[in-house]
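Listed below are the residues making up each chain.
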Amino acid sequence: MGQLKINYVVGIMFNMYSGSFSLGTRWSSSSLGRTPRTGYHLVDPSPWPILVSAGVMNEAASFISFVHGGSYTLVNFICATILLVSSFYSWMMDIVSEATYLGCHTSIVARGLKIGFSLFLLSEAFFFVGFFWAWFASGIGNLSSGYMWPPRPIIPVYPWGAPLFNTAVLLASGAAVTWAHRAVAIHDREETMIPLGLCVLAGVVFLRFQVGEYKAASFTIADGVYGSCFYMLTGLHGSHVLGGTVFLAAMWVRNYFYHFMYPNRHMGMLFAVWYWHFVDVIWLIVFVWAYIWPYKNWVGDKLL
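Rules used throughout
Residues numbered from 1 in each chain as written. Predicted model: local features only at pLDDT ≥ 70, side-chain atom pairs only at ≥ 80, totals over all residues. Heavy atoms only, no water. Helix = DSSP H or I, 4+ residues; strand = E, 2+ residues; numbered from the N terminus. Contact = heavy atoms within 4.5 Å. Phe/Tyr/Trp six-rings, centres within 6.5 Å; stacked < 30°, edge-to-face > 60°. Buried < 20%, exposed > 50% of the residue type's maximum accessible area, 1.4 Å probe, protein only. Lys NZ or Arg CZ within 6 Å of the ring centre and 35° of its normal. Patch = residues over 30% accessible without salt bridge, like charges linked within 9 Å, V, L, I, M, F, W, Y side chains within 5 Å. Areas by Shrake-Rupley, 256 points an atom, 1.4 Å probe, with all protein chains shown as cover. Salt bridge = Lys/Arg side-chain N within 4 Å of Asp/Glu carboxyl O. Core = buried A, V, L, I, M, F, W, Y, C linked by side-chain atoms within 4.5 Å. Expected span 1.5 Å × (residues − 1). Axes fitted to C-alpha atoms, helices over the stretch in contact; angles between N-to-C directions. Parallel < 35°, antiparallel > 145°, perpendicular 65-115°, else oblique. Left-handed = near helix turned anticlockwise from the far one by under 90°. Nonpolar A, V, L, I, M, F, W, Y, C, P; charged D, E, K, R; others polar.

Peer 1: I'm lost on the side chain of glutamine 210 in this one. Help?
Peer 2: Relative to the elements of secondary structure, glutamine 210 occurs in helix α6 (residues 189–216). Ignoring any residue separated from it by four or fewer positions in sequence, one finds glutamine 210 in contact with Asn166, Thr234, Trp283 and Tyr291.

Peer 1: Explain the packing of aromatic side chains to me, please; I cannot follow it from the model alone.
Peer 2: The geometry of an aromatic ring pair is captured by the separation of the ring centres together with the interplanar angle, meaning the angle of the planes. A complete count under the given rule lists 31 aromatic pairs for this structure. Look at phenylalanine 136 and tryptophan 289: their rings are 5.4 Å apart centre to centre, the planes differ by 80 degrees, and that puts the pair in the edge-to-face class. Of this pair, phenylalanine 136 sits in helix α4 (residues 107–144) while tryptophan 289 sits in helix α8 (residues 267–299), and the two are 153 residues apart along the sequence. Among the residues examined, phenylalanine 136 registers a relative accessible area of 25% and is labelled partly exposed. Every member of this aromatic cluster is reached through a ring pair, and the members are Trp135, Trp149, Trp160, Phe206, Tyr214, Phe219, Tyr226, Phe230, Tyr231, Trp283, Phe287 and Tyr291. Positioned above the aromatic ring of tyrosine 258 is the side chain of arginine 189, whose terminal nitrogen or guanidinium carbon lies 4.1 Å from the ring centre.

Peer 1: Would you mind going over a nonpolar patch on the surface with me for this structure?
Peer 2: On the surface, a nonpolar cluster with roughly 830 Å² of combined accessible area is contributed by Phe63, Ile64, Phe66, Val67, Leu74, Phe77, Ile78 and Ile82. At the level of elements, α2 (48–67) and α3 (74–100) are the ones that each hand at least two residues to the nonpolar patch. Summarising the element assignment, isoleucine 64 is placed in helix α2.

Peer 1: So what exactly am I meant to see when it comes to the nonpolar core here?
Peer 2: Nonpolar side chains in soluble globular proteins tend to end up buried together. Ranked by internal contacts, the top residues of the largest apolar core, which has 47 residues, are Trp135, Phe230, Leu248, Met269 and Tyr291. For this core, the secondary structure elements donating two or more residues are α4, α5 (162–185), α6, α7 (224–256) and α8. Among the elements that take part in this core, α8 stands out by supplying 18 residues, more than any other. Look past the residues within four positions of phenylalanine 230 in its chain and what remains in contact with it is Trp135, Val157, Glu213, Tyr214, Phe219, Gly235, Ala290 and Tyr291.

Peer 1: Honestly, α3 in this entry has me stumped. Any pointers?
Peer 2: Three- or four-residue spacings in an α-helix give side chains the same orientation, since the helix completes a turn every 3.6 residues. When the terminal C-alpha atoms of α3 are compared, their 38 Å separation across 27 residues agrees well with the 39 Å that a helix rising 1.5 Å per residue should span. Considered for burial, the residues of α3 that qualify are Ala80, Leu84, Ser87, Val96, Glu98, Ala99 and Thr100. The inward-facing, buried residues of α3 abut α2 and α7.

Peer 1: Can you help me understand the pattern of salt bridges in this one?
Peer 2: Oppositely charged side chains can pair when the atoms bearing their charge come close. Counting across every chain of the model gives one salt bridge. Among the ionic pairs, arginine 189 bridges to glutamate 190, the shortest N-O distance being 3.4 Å. A residue is classified by how much of its surface remains accessible, and arginine 189, at 12% relative accessible area, is buried.

Peer 1: Teacher, can you tell me more about α4 here?
Peer 2: Over its 38 residues, α4 runs 54 Å from end to end, which matches the ideal 56 Å to within 8%, given 1.5 Å per residue. Among all positions of α4, only Val109, Ala110, Phe117, Leu121, Glu124, Phe128, Phe132, Trp135, Ser138 and Gly139 are buried. For α4, the secondary structure elements touched by its buried residues are α7 and α8. One or two residues past the end of α4 sits glycine 146, with phi positive at roughly 90 degrees.

Peer 1: Got a minute to help me understand unusual backbone geometry in this structure?
Peer 2: With glycine set apart, most residues show a phi of negative sign, and most peptide bonds adopt trans. Cis geometry marks the peptide bond from tryptophan 149 to proline 150, where omega comes out at 10 degrees. With respect to the helices and strands, the residue proline 150 is situated in the loop between α4 and α5. Note that the residue after arginine 152, namely proline 153, is joined by a cis bond; omega there is 5 degrees. Looking at the element boundaries, proline 153 is found in the loop between α4 and α5. The backbone phi angle of histidine 187 is positive, close to 60 degrees, even though this residue is not glycine. Along the chain, histidine 187 falls in the loop between α5 and α6. Given a relative accessible area of 28%, histidine 187 falls into the partly exposed group. A positive phi is found at tyrosine 258, a non-glycine position, where the angle reads about 60 degrees.

Peer 1: Please explain the packing of α4 against α7 as it appears in this structure.
Peer 2: Two packed helices can be described by the angle between their axes and the distance between those axes. Closest axis-to-axis distance for the α4/α7 pair is 8 Å, and the angle between their directions is 160 degrees. As judged from the angle between their axes, α4 and α7 are roughly antiparallel. The handedness of the crossing between α4 and α7 is left-handed. Here Phe117, Glu124, Phe127, Phe128, Phe131, Phe132, Ala134, Trp135 and Ser138 of α4 lie close against α7, whose contacting residues are Val225, Tyr226, Cys229, Phe230, Met232, Leu233, Leu236, His237, His240 and Phe247. Here the contact of α4 with α7 is built from residues that sort into 15 nonpolar, three polar and one charged.

So, in structure tokens, the structure goes:
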């Protein structure tokens, strides 16, 4: 009986040792001492969140002070930008290392990341809702009072030129990013490179035409509520296109270095695809209501 107990205890100890060894060889990093013993990832203490927050706060303060002629100078803004970019880059590199080389993004962690990113996109959607609310409140208020929208003598942007071209560019890039996502899902590195590159190029082309449209516009952001709302809506979307272009470019580089060859290690690519489709959908709404609607009102057609 005593020998059976000894054999039982030895067997349990061997199973525990072999299990921890397999987890350690598969998931741990001996240099950093990380050995997740569950499906969850315990994040190590990091200085990057507070540094990124400091960079954002100083950028906002510098910009607001500059607009109102305050004491903040361009040097403050540049220093805050350098702090923000360098800290954010270091933070993202830590996440890439945890996902690609340390294997911390298990299926449970991946599920949590998907939920978190979905909530982030939802918050971004409500960010746009606020600006659309101001746009419709001003536009419908003017029309219901018998005034024009846009107010005279503002001439709205012609929607069937650069805006229509940008719409076609974004829709084509949406198809390309879906193609890239399917290629990543089957771990086809070579096939992923082409559509990802096309998406990055589409983002650059979109921004180039957006800047040209701003230069050719007959009004500025200072031309009443119409100019303020128009430039805030289109500029906010343009900033998201810029962020999505950088996001996709980073995924192109990661794919070049074979980062997406294993399951649950291409979450970054998945989130870049979601983000780009979000940008596409928002642009369709902006195109209809910020370009076509004012132009139809201006030429005297019926309200859409």
